[in-house]
Amino acid sequence: DQQVKQNSPSLSVQEGRISILNCDYTNSMFDYFLWYKKYPAEGPTFLISISSIKDKNEDGRFTVFLNKSAKHLSLHIVPSQPGDSAVYFCAASDGGSQGNLIFGKGTKLSVKP
Amino acid sequence: ETGVTQTPRHLVMGMTNKKSLKCEQHLGHNAMYWYKQSAKKPLELMFVYSLEERVENNSVPSRFSPECPNSSHLFLHLHTLQPEDSALYLCASSQGGGQGAIGYTFGSGTRLTVV
């Protein structure tokens, strides 16, 4: 059973508009959440994270929202740019000394000019 | 070289071959990981090494054998693989510790095809 779910395999957005990528999780022990961005032929790169003690974290055009009661988080990108086109992975950690990450399947975002 | 480097970038091997994937990190991290990315599946954690000791093995078949000779190098030895093992194998490193894997850095991956 998947502990981290990204139910939308793809998303298409017009340049300048908002992109909203969603992620759900099942394990209430997760205490740290991250978003990674992956371009073709490259490894995932860290984008933004949020601790379970917060409900929002903002970094420039990227904002992550966490709703613990719903076990749901979302990544907002505004305004979206063509260079944002990539696969976005949601990941969660249950902390501990190693902080192993559990990933979702990813959502492919296409931002059209 | 900086970051996490994986070689080779692409590998095609027969089911009876033996090959190794190599990962090297120059970040001074103390934990290294192997992940597998198959089509339409999440990134799957395979192995975790912390301070050169294996701390996790997520029920990976024995045809995959990891080796971590020092904190900068990680290998994945492959033998008698199956076609369903074809995937992108990603190496990552982190400083570990506490609140999630902050500073997780991935390599570009090795695209493995088993024929």
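Residues numbered from 1 in each chain as written. Chains lettered and ligands numbered in written order. Predicted model: local features only at pLDDT ≥ 70, side-chain atom pairs only at ≥ 80, totals over all residues. Heavy atoms only, no water.

## Things to note about the state of the cysteines
All names here are of chain B. In this structure the tally under the stated criterion is 2 disulfides over all chains. Shown here is the disulfide that connects Cys23 with Cys91, its sulfur atoms set 1.9 Å apart. As the torsion about the S-S bond is roughly -75°, the Cys23-Cys91 disulfide counts as left-handed. Here Cys23 is found in strand E3 (residues 18–25), whereas its partner Cys91 is found in strand E9 (residues 87–94), with 68 residues between them in sequence. By the burial criterion, Cys23 is buried, and Cys91 matches it. Its sulfur unpaired, Cys68 is 9.1 Å from the next cysteine sulfur, which belongs to Cys91. (Disulfide = S-S within 2.5 Å. Helix = DSSP H or I, 4+ residues; strand = E, 2+ residues; numbered from the N terminus. Buried < 20%, exposed > 50% of the residue type's maximum accessible area, 1.4 Å probe, protein only.)

## Some words on the environment of Asp55(A)
Residues and elements named next belong to chain A. Its location among the elements puts Asp55 in the loop between strand E5 (45–51) and strand E6 (56–59). Given a relative accessible area of 54%, Asp55 falls into the exposed group. With 12 residues separating them along the chain, Asp55 and Asn67 place their C-alpha atoms 6.4 Å apart. If we ignore the near neighbours within four places in the chain, the residues touching Asp55 are Ile50, Val64, Phe65 and Leu66. (Contact = heavy atoms within 4.5 Å.)

## Quick notes on the nonpolar core
If you look at the biggest cluster of nonpolar residues, it comprises 23 residues, and the most contacted ones within it are Phe33(A), Trp35(A), Leu73(A), Leu75(A) and Tyr88(A). Mapped onto this core, the elements with two or more residues apiece are strand E3 (19–25), strand E4 (32–38), E5, strand E7 (62–67), strand E8 (72–77), strand E9 (86–93) and strand E11 (107–112) of chain A. Top element by residues in this core is E9(A). It accounts for 4 residues. For Tyr88(A), the residues in contact, after removing those within four places along its chain, are Gln6(A), Leu21(A), Trp35(A), Tyr36(A), Lys37(A), Leu47(A), Leu75(A), Ile77(A), Gly106(A), Thr107(A) and Leu109(A). In terms of nonpolar packing, the next biggest core, distinct from the first, is built from 22 residues, Met32(B), Phe47(B), Phe64(B) and Tyr89(B) among them. (Core = buried A, V, L, I, M, F, W, Y, C linked by side-chain atoms within 4.5 Å.)

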